[in-house]
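# Breakdown of the fold
Below are the chains, spelled out letter by letter.
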Amino acid sequence: MHYEIMFFFTQFFEVKESVEGVSQYMILPVVLWAMQVVIGYWIIVKSDNKVIKVKYTAILLVLLLLLLPYSAYKRHNISSMMPNNHTISIVNALNSISLFIGKEIPKYLLKSKKIKLFKPYIIQNLDEKLPQNIIVIMGESLGSKHMHLFGAKVEDTPHLDRLKKDENFIYRKGYASGVDTLTAVPTFFLLKREPENVALLGNNATNLLHLAKSKGYNVYYLTTQKLNIMAPYVSDADVVKRFIGKDEALVKALDTIDFSKKNFIILHQRNSHSPYEDSTPKAFYKYPFETKDFHTHMLYSYYNSILYTDYIINQIVNRIKKMPNSVMFMTSDHAEMMGLPEEEGRYGHAFLSKEVAKVPILIYSNGIDETLQHKYADEGCFNHYTLGKLVANTLGYKVENPNDDSNYYIQGTSIDGGNGFIEYNKTECASLNNIKE
């Protein structure tokens, strides 16, 4: 995709890390490509004296190559130039490069996009009993359709499966607000519904960390991710800390917190980011992958990572069970494609597709006000936006959005909506869990 080329410049180290995880599968294609280059060069050198030379050939070739980027720049609808499985690779490559030159470079260098204005959200204080401890887990690349809890055939959520009969446990399928971490995570914590509502990025009015601080909570942002993801939005946090290593460090950090005080704790996971095996302890390598073909390697190492996340969530739930008047919310930044037919054989995320946005929504509570418990259970449409509003409600706020028309959005790889977005309605959202709206 054209916007993925920009990742090489804007998210170089993340791209590098993901590529290193599958480098063994790239050796043969790179060797074949290099052989083609060498053979092509040899043919050109050998046939140099036998070719009829046309004056200004190089200039004509450059002009022809610029036609596609110019066409991309002028187009409002770029769907016909998007790569697809039915077009030969050279055409897909030319179209992607042309869209990158014609769309991405002007957008980032010229900054010509007009800012769309939205009505401000209305934040109302509620006079309700608040939980003592609120824990929000933000997962990484965790897709609901690959979890046994939601019907997947692979047994990768044994702990969550056992919670199904627990009346304090709510589990639903939902949609993420974006298809990459840098877009989806801030969007969730800022309660941002409209992709182009950039005004919310510069003010704290809807920031869940700010709302928690305003209610007297001690605010923690604990992560195994890089701090730059949430750096602009954690100024109200009392503790901001990054842990190097596996996600179990986040669980251990919980044990250092005084739960007799009011706490709002964000645990931001790294596990299930590619290469999946890097963040998963070997004790969770249930599905052998190391000597398998590429597809099986990706799939099985991903299943193992989900098995580890299942363990991590269970550890946190066990602690919630010992904390009266406490609640845990869990979702993921986005899902992950695993080369399935409905995913057109793609792997990873960052594709603007509903398949990349199908994430779990988990809630576990212990002794909280029954009114809140009913609100969680009665929510018909679960996505990042509605879950964020439930978290705000749990903090003692009612969020009214005058722009809300019961439609929701999945953003592309830009938090300002610049790389496109998918719109869907409340009925479609509810249908994920077979609920009629």
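Please read all numbers here as calculations on a predicted model, not as lab measurements.

Cut-off values and rules
- Residues numbered from 1 in each chain as written.
- Predicted model: local features only at pLDDT ≥ 70, side-chain atom pairs only at ≥ 80, totals over all residues.
- Heavy atoms only, no water.
- Helix = DSSP H or I, 4+ residues; strand = E, 2+ residues; numbered from the N terminus.
- Buried < 20%, exposed > 50% of the residue type's maximum accessible area, 1.4 Å probe, protein only.
- Contact = heavy atoms within 4.5 Å.
- Areas by Shrake-Rupley, 256 points an atom, 1.4 Å probe, with all protein chains shown as cover.
- Phe/Tyr/Trp six-rings, centres within 6.5 Å; stacked < 30°, edge-to-face > 60°.
- Lys NZ or Arg CZ within 6 Å of the ring centre and 35° of its normal.
- Pairing = 2+ DSSP bridges.
- Axes fitted to C-alpha atoms, helices over the stretch in contact; angles between N-to-C directions.
- Parallel < 35°, antiparallel > 145°, perpendicular 65-115°, else oblique.
- Nonpolar A, V, L, I, M, F, W, Y, C, P; charged D, E, K, R; others polar.
- Salt bridge = Lys/Arg side-chain N within 4 Å of Asp/Glu carboxyl O.
- Core = buried A, V, L, I, M, F, W, Y, C linked by side-chain atoms within 4.5 Å.
- Disulfide = S-S within 2.5 Å.
- Patch = residues over 30% accessible without salt bridge, like charges linked within 9 Å, V, L, I, M, F, W, Y side chains within 5 Å.

## Overview of the overall build of the protein
- Along the backbone of the protein there are 13 helices and 13 strands.
- Across the 437 residues that make up the protein, the buried fraction comes to 50%.
- Considering only residue pairs separated by 6 or more positions, the protein has 74% of its internal contacts joining residues 24 or more positions apart.
- When the accessible surface of the protein is totalled, it reaches about 21400 Å², and 59% of it is carbon and sulfur.

## A closer look at the packing of aromatic side chains
- Throughout the structure, instances matching the rule amount to 17 aromatic pairs.
- A centroid spacing of 6.3 Å and a plane angle of 15 degrees characterise the contact between Y308 and Y311, whose relative ring orientation is stacked. Remark: Y311 and Y308 occur in helix α10 (residues 294-320); sequence separation between them is three residues, near one turn of the helix.
- Take Y308: its relative accessible area is 0%, and that puts it in the buried class.
- One aromatic cluster is present, built from ring pairs that chain together Y175, Y385, Y408 and Y424.
- Directly above the ring of Y397 sits K215, whose terminal nitrogen or CZ lies 4.9 Å from the centroid.
- Residue placement shows K262 over the ring face of Y217; its charged tip is 4.5 Å from the ring centre.

## Points about the pairing of strand β11 (residues 397-400)
- Of the two faces of β11, the one holding Y397 and V399 is buried and the one holding K398 and E400 is not buried anywhere.
- Summarising the sheet, strand β1 (residues 122-125) and β11 pair through four bridges and their orientation is antiparallel. The partner of Q124 across the bridge, within β11, is K398.

## What to know about the packing of helix α11 (residues 370-378) against helix α12 (residues 384-394)
- Across the interface, α11 lies against α12 with an axial gap of 11 Å and an inter-helix angle of 175 degrees. Compared by their axis directions, α11 and α12 come out roughly antiparallel. Taking contact as the criterion, the partners of L372, K375 and Y376 in α11 are, on α12, L390, N393 and T394.
- Each residue belonging to the contact of α11 with α12 can be placed in one class, and the counts come to three nonpolar, two polar and one charged.

## Here we look at the pattern of salt bridges
- Throughout the structure, instances matching the rule amount to 13 salt bridges.
- Across the pair E194 and R193 runs a salt bridge whose closest N-O atoms are separated by 2.8 Å.
- Of the charged contacts, one joins K358 and E355 as a salt bridge, the two residues approaching to 3.1 Å between their closest N and O atoms.
- A network of salt bridges, in which partner residues are shared, links K145, E342, E343, E355 and K358.

## Here we look at the sheet that holds strand β3 (residues 169-175)
- Strand order in the open sheet made by the seven strands is β3-β10-β7-β2-β6-β4-β5, with mixed pairing throughout. Here the strands that pair on one side only, and so sit at the sheet edges, are β3 and β5 (239-242). Taking each pair of neighbouring strands and ignoring which way they run, the sheet shows an average axis angle of 15 degrees.
- Of the strands in this sheet, β2 (133-139), β3, β6 (263-268), β7 (326-332) and β10 (358-366) are in contact with α12, which crosses β7 at around 165 degrees.

## Points about the side chain of N393
- Structurally, N393 can be placed in helix α12.
- On the basis of relative accessibility, which here comes to 10%, the residue N393 falls in the buried class.

## Quick look at the nonpolar core
- One finds F189, L208, F264 and L395 to be the most contacted residues of the largest nonpolar core, which totals 59 residues.
- Setting aside residues up to four positions removed in sequence, L395 forms contacts with L130, I134, L208, L211, A212, K215, Y217 and F264.
- Grouped together as the second largest cluster of nonpolar side chains are 42 residues, Y220, V251, L254 and L299 included.

## Focus on α12
- Across the eleven residues of α12, ten count as buried, placing the element largely inside the fold.
- Inspection of α12 places H384, Y385, T386, L387, G388, L390, V391, A392, N393 and T394 among the buried residues, and these make up the whole buried set.
- Two residues or fewer past α12, G396 is found with a positive phi of approximately 95 degrees.

## Things to note about the state of the cysteines
- Applying the stated criterion across every chain yields a total of one disulfide.
- Between C381 and C429 runs a disulfide, and the two sulfur atoms are separated by 2.1 Å. Between C381 and C429 the disulfide shows an S-S torsion of about 95 degrees. By sign, it is right-handed. Remark: C429 occurs in helix α13 (residues 426-431) and C381 occurs in the loop between α11 and α12; sequence separation between them is 48 residues. One exposure class covers both C381 and C429, and it is buried.

## Some words on a nonpolar patch on the surface
- On the surface, I27, L28, V31, L32, M35, I39, W42 and I43 cluster together into a nonpolar patch covering about 790 Å² of accessible area.
- Structurally, the position occupied by L28 is in helix α3 (residues 27-46).
- Under the relative-accessibility criterion, L28 is labelled exposed at 56%.

## Quick look at the environment of G245
- Position of G245 among the secondary structure elements: in the loop between β5 and α9 (248-254).
- In sequence terms G245 and R270 are 25 residues apart; their C-alpha atoms lie 9.1 Å from each other.

## Regarding the pairing of strand β12 (residues 407-411)
- Taken across its five residues, β12 has five buried, putting it largely inside the fold.
- Taking every second residue as pointing to the same face, both faces of β12 are buried, with N407, Y409 and Q411 on one and Y408 and I410 on the other.
- As paired strands, β12 and strand β13 (residues 421-425) are joined by five bridges and run antiparallel to one another. Looking at β13, one finds that Y409 is bridged to E423.

Function cannot be inferred from these measures alone, as they are strictly geometric.
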